[in-house]
Amino acid sequence: AQTQARDGSWRSQGSYGGGGYPVAMTSLAGLAMLAGGHTSVEGEYAINVRRSVDFLVNSMQSSGLIARQSESSRPMHGHGFALLFLAEAYGMEPDAQRREKIKRVLHKAIDLTGRSQSAAGGWLYTPDSGGDEGSVTVTQIQGLRACRNAGIRVPKSIIDQATKYIENSANPDGGIRYRASTGGTSRPAITAAAVATMYNAGEYENPIAVKSLAYLKKHLEGKEGARTFGGHQFYATLYAGQAMYLSSEENWKSYFPHTRDWLIETQAENGSWDGDGVGPVYGTAIGLLTLQLPYANLPILQR
């Protein structure tokens, strides 16, 4: 709350920050506040949530892309996170006029996501690239599913094709590789993200989801589960926590204690975590989202 800018945004301050990625950072920070039970009208940080919603609504371009100029080289991660946050905020917004305004933005943003889906069913860093890779794809699936959960129409074919993309990215060992169309080793962080988003798409019994969860659990087995993802630790934690929480209470109980203890041990005096070189906004948002999963305040992350 102390680091939110006057325009309602947050920006990255890490070595990978580039232009600060204000849409992505604002969406993640806003989600962390919603996960704590704060909405635009309720809770200690209601004004912060309200300002973050306004910033993102005002960030939509005429094409439907939610992005600021400083993010123009790689806007699709932020666009997906904005879809997710605004859909969750829309479902919690009591004011009819504000709901209608958010709804219009989401409709245009969904159209943009649909138009930018690759022939293989995935997405890449820019909406006009025609390419695809795993990390951008999972942000779009999760954002679209949040919209659908909130009662906003999302063509089922888009989510079906995206789910197929994840399936086509699976290796024989159950892990998910970076891109469906090329070979490559399984990546635990992307695998965690794939499991979480396939659950969001309703694919709990999908054989690929089952096998990928087994791969993830094997990767975590016998280790202090919080510290097993190298330089992508916070990114992986964002999704591994979701995968383990959504899959079963047993899996959550095996995963969470180590992760909770690691986060408590590494939290800075000012309340932040510096995540993956991206900066404290990113790390703190992910730390909060993970610790607050059991509160079940976000519909997209409810069992």
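Enquirer: Give me the packing of helix α7 (residues 188-200) against helix α9 (residues 233-247): which residues, what numbers.
Expert: When two helices pack together, their arrangement is given by the angle between the helix axes and by the axis-to-axis distance. At a minimum axis separation of 8 Å, α7 and α9 run at an interaxial angle of 45°. On the basis of the axis angle, α7 is oblique to α9. As α7 packs across α9, the resulting crossing turns out to be left-handed. Of the residues in α9, those touching α7 at A189, I190, A192, A193, V195, A196, Y199 and N200 are Y235, A236, Y239, A240, Q242, A243, L246 and S247.

Enquirer: An account of the layout of surface pockets is needed here, citing residue identities and associated values.
Expert: Counted as a void, the largest pocket has a volume near 840 Å³. As for the largest pocket, its lining consists of 26 residues, of which H77, H232, Y235, V278 and Y282 are closest to the centre. If you list the elements that add at least two residues to the lining of the largest pocket, you get α1 (22-35), α3 (76-92), α5 (134-149) and α7. Grouping the amino acids of the lining of the largest pocket by side-chain chemistry returns 15 nonpolar, six polar and five charged.

Enquirer: A description of empty space enclosed by the protein should follow, citing residues and the corresponding values.
Expert: Unfilled space is identified by rolling a water-sized probe across the atoms. Going through the model one piece at a time under the given rule, you end up with four cavities of 30 Å³ or more. The volume enclosed by the largest cavity comes to roughly 100 Å³. Lining the largest cavity are L28, L31, F81, L84, Q142, L238, Y239, Q242, L289, L298, I300 and L301. Of all the secondary-structure elements, those providing two or more residues to the lining of the largest cavity are α1, α3 and α9. Sort the elements by how many residues they give to the lining of the largest cavity and α9 lands first, with three residues. Partitioned by chemical class, the residues of the lining of the largest cavity number 10 nonpolar, two polar and no charged. When grouped by side-chain class, the residues that make up the lining of the second largest cavity number six nonpolar, two polar and no charged.

Enquirer: Could you give an account of the pattern of salt bridges, with specific residues and numbers?
Expert: Counted under the stated rule, the structure contains seven salt bridges. The partner of E167 in a salt bridge is K164, and the shortest N-O contact between them spans 3.1 Å. Here E167 and its partner K164 are both found in helix α6 (residues 156-168), three residues apart, which amounts to about one turn of the helix. Overall, K164 belongs to the partly exposed group, its relative accessible area being 44%.

The rules behind each value
Residues numbered from 1 in each chain as written. Predicted model: local features only at pLDDT ≥ 70, side-chain atom pairs only at ≥ 80, totals over all residues. Heavy atoms only, no water. Axes fitted to C-alpha atoms, helices over the stretch in contact; angles between N-to-C directions. Helix = DSSP H or I, 4+ residues; strand = E, 2+ residues; numbered from the N terminus. Parallel < 35°, antiparallel > 145°, perpendicular 65-115°, else oblique. Left-handed = near helix turned anticlockwise from the far one by under 90°. Contact = heavy atoms within 4.5 Å. 1 Å grid on protein atoms, 1.4 Å probe; cavity = no way out; pocket = protein on both sides within 12 Å on 5 of 7 lines; lining within 4 Å. Points joined across faces, edges and corners; volume = space filled by probe spheres on them. Nonpolar A, V, L, I, M, F, W, Y, C, P; charged D, E, K, R; others polar. Salt bridge = Lys/Arg side-chain N within 4 Å of Asp/Glu carboxyl O. Buried < 20%, exposed > 50% of the residue type's maximum accessible area, 1.4 Å probe, protein only.

Without other data, these values stay purely geometric and don't point to any function.
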